[in-house]
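Take a look at the letters that make up each chain.
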Amino acid sequence: MSFMEVFVLNSPIVQMVLNTDMATFAILAILAVMSLGSWGIIIVKLFSYRKNQKANASFFARFNQVEQFIELQGLCETSGDSALKRLTSEVLIEAAKFSNFVSYDSIQHRASLLEDTIQRSIEGLRLDEDRHLSFLAISSNLSPFFGLLGTVWGIMVAFVQIGQHGSADLSVVAPGIAAALITTVAGLVVAIPSSAGYNIFVARNGQNEIAYYNFGSQVLSIFKRGDLLALEEIAG
């Protein structure tokens, strides 16, 4: 048996957990699942945000070199996957449905249709980025209550043991109180990172949404500029 295994098995906290009743053990198991799930989501989200940020920065740098709307097709074909590429691709799909004929009556309607497409695309991106955040919210809200439930239950068990032994000696009360406090600590250990992760990711998603709207506005401006140039050529 390795030193680590001996250390863990001889740990007072581990011994208290192993000696708890089924109710307390079940509460600790639920908190353990919440903790593992929360940390898994936090780690995956951090890597996902970093990857998406780099991909968006690369796409936007190339986008700034685009002067005509038709060049966006080539940009999307030669760029890696990113949120900005998805938005641009959906705009191109909608624009491909338009007639080649441009008039003063249709120019506003064409732009309005693209605005709707940009809106839908950004909403889809926000839904993707918000995915699994509800688990963090649930964990941060419920874990303290599970911890409190375990504490109350442990204190009740301690009082029952006092009644059974007919003594309030510390050796009788201490194990039950200690086991009760373990659930409180476990609840806080789950709640703190879950709450922090949830608030950080929600704030980051809000910033991304604003950036997506700004980018969509630039794409729409390029399209409108192309329509205006087409009308000027016809008028000229």
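A few points on the structure.

Conventions and cut-offs
Residues numbered from 1 in each chain as written. Predicted model: local features only at pLDDT ≥ 70, side-chain atom pairs only at ≥ 80, totals over all residues. Heavy atoms only, no water. Helix = DSSP H or I, 4+ residues; strand = E, 2+ residues; numbered from the N terminus. Buried < 20%, exposed > 50% of the residue type's maximum accessible area, 1.4 Å probe, protein only. Areas by Shrake-Rupley, 256 points an atom, 1.4 Å probe, with all protein chains shown as cover. Core = buried A, V, L, I, M, F, W, Y, C linked by side-chain atoms within 4.5 Å. Contact = heavy atoms within 4.5 Å. Axes fitted to C-alpha atoms, helices over the stretch in contact; angles between N-to-C directions. Nonpolar A, V, L, I, M, F, W, Y, C, P; charged D, E, K, R; others polar. Expected span 1.5 Å × (residues − 1). Parallel < 35°, antiparallel > 145°, perpendicular 65-115°, else oblique. Left-handed = near helix turned anticlockwise from the far one by under 90°.

## Examining the overall build of the protein
So, point 1. Along the protein, the regular secondary structure elements total 8 helices and 0 strands.
So, point 2. Counted from the first residue to the last, the protein has its helices and strands arranged as α-α-α-α-α-α-α-α.
So, point 3. In the protein, which comprises 236 residues, the share counted as buried stands at 36%.
So, point 4. Accessible surface, the protein as shown: approximately 14,300 Å² in total, 66% of it carbon and sulfur.

## Overview of the nonpolar core
So, point 1. Counting residues in hydrophobic clusters, the biggest one holds 25 residues, and the most contacted among them are Phe69, Leu72 and Leu87.
So, point 2. Of all the elements in the fold, those that place two or more residues in this core are α3 (22–63), α4 (71–77), α5 (83–95), α6 (107–130) and α8 (170–235).
So, point 3. Filtering out sequence-adjacent residues up to four positions away, Leu72 remains in contact with Phe63, Val66, Thr88, Leu92 and Val219.
So, point 4. With 7 residues, the next largest nonpolar core counts Ile27, Leu28, Met34 and Val190 among its residues.

## Points about the packing of α3 against α6
So, point 1. At their nearest, the axes of α3 and α6 sit 11 Å apart, and the two run at 145° to each other. Note on element contacts: α6 touches α3 through Asp128, Glu129 and Asp130, opposite Lys45, Tyr49 and Asn52.
So, point 2. Split by residue class, the contact of α3 with α6 holds 1 nonpolar, 1 polar and 4 charged.

## Here's the deal with α6
So, point 1. Its 24 residues give α6 an end-to-end C-alpha distance of 35 Å, which sits within 8% of 34 Å, the value for a rise of 1.5 Å per residue.
So, point 2. Those residues of α6 lying buried are Ile107, Arg110, Ala111, Leu114, Thr117, Ile118, Ser121, Ile122, Leu125, Arg126 and Glu129.
So, point 3. Looking one or two residues past α6, His132 carries a phi angle of roughly 75°, positive in sign.

## Re the packing of α5 against α6
Axis angle and axis distance: for two packed helices, these are the angle between their axes and the distance between the axes, and together they describe the pair.
So, point 1. Where α5 contacts α6, the axes come no closer than 9 Å and their chain directions differ by 150°. When the axis of α5 is compared with that of α6, the two are roughly antiparallel. With respect to the hand of their crossing, α5 and α6 are arranged in right-handed fashion. Contacts between α5 and α6 involve Ala83, Arg86, Leu87, Glu90, Val91, Glu94 and Ala95 on the former and, on the latter, Leu113, Leu114, Thr117, Ile118, Arg120, Ser121, Ile122, Leu125 and Asp128.
So, point 2. Split into classes, the residues belonging to the contact of α5 with α6 amount to 9 nonpolar, 2 polar and 5 charged.

## Comments concerning the environment of Gln73
So, point 1. For Gln73, the location among the structural elements is in helix α4.
So, point 2. Residues Gln73 and Leu92, 19 residues apart in the sequence, show an inter-C-alpha distance of 7.2 Å.

## What about the environment of Ala23?
So, point 1. Of note, Ala23 is situated in helix α3.
So, point 2. Of the residues examined, Ala23 reaches a relative accessible area of 28% and is grouped as partly exposed.
So, point 3. Separated by 126 residues in the primary sequence, Ala23 and Leu149 place their C-alpha atoms 9.9 Å from one another.

## Regarding the side chain of Asn52
So, point 1. Looking at where Asn52 falls in the secondary structure, it is placed in helix α3.
So, point 2. Residue class for Asn52 comes out buried when judged on its relative accessible area of 18%.
So, point 3. When sequence neighbours within four positions are dropped, the list of residues in contact with Asn52 reads Ser82, Ala83, Glu129 and Tyr212.

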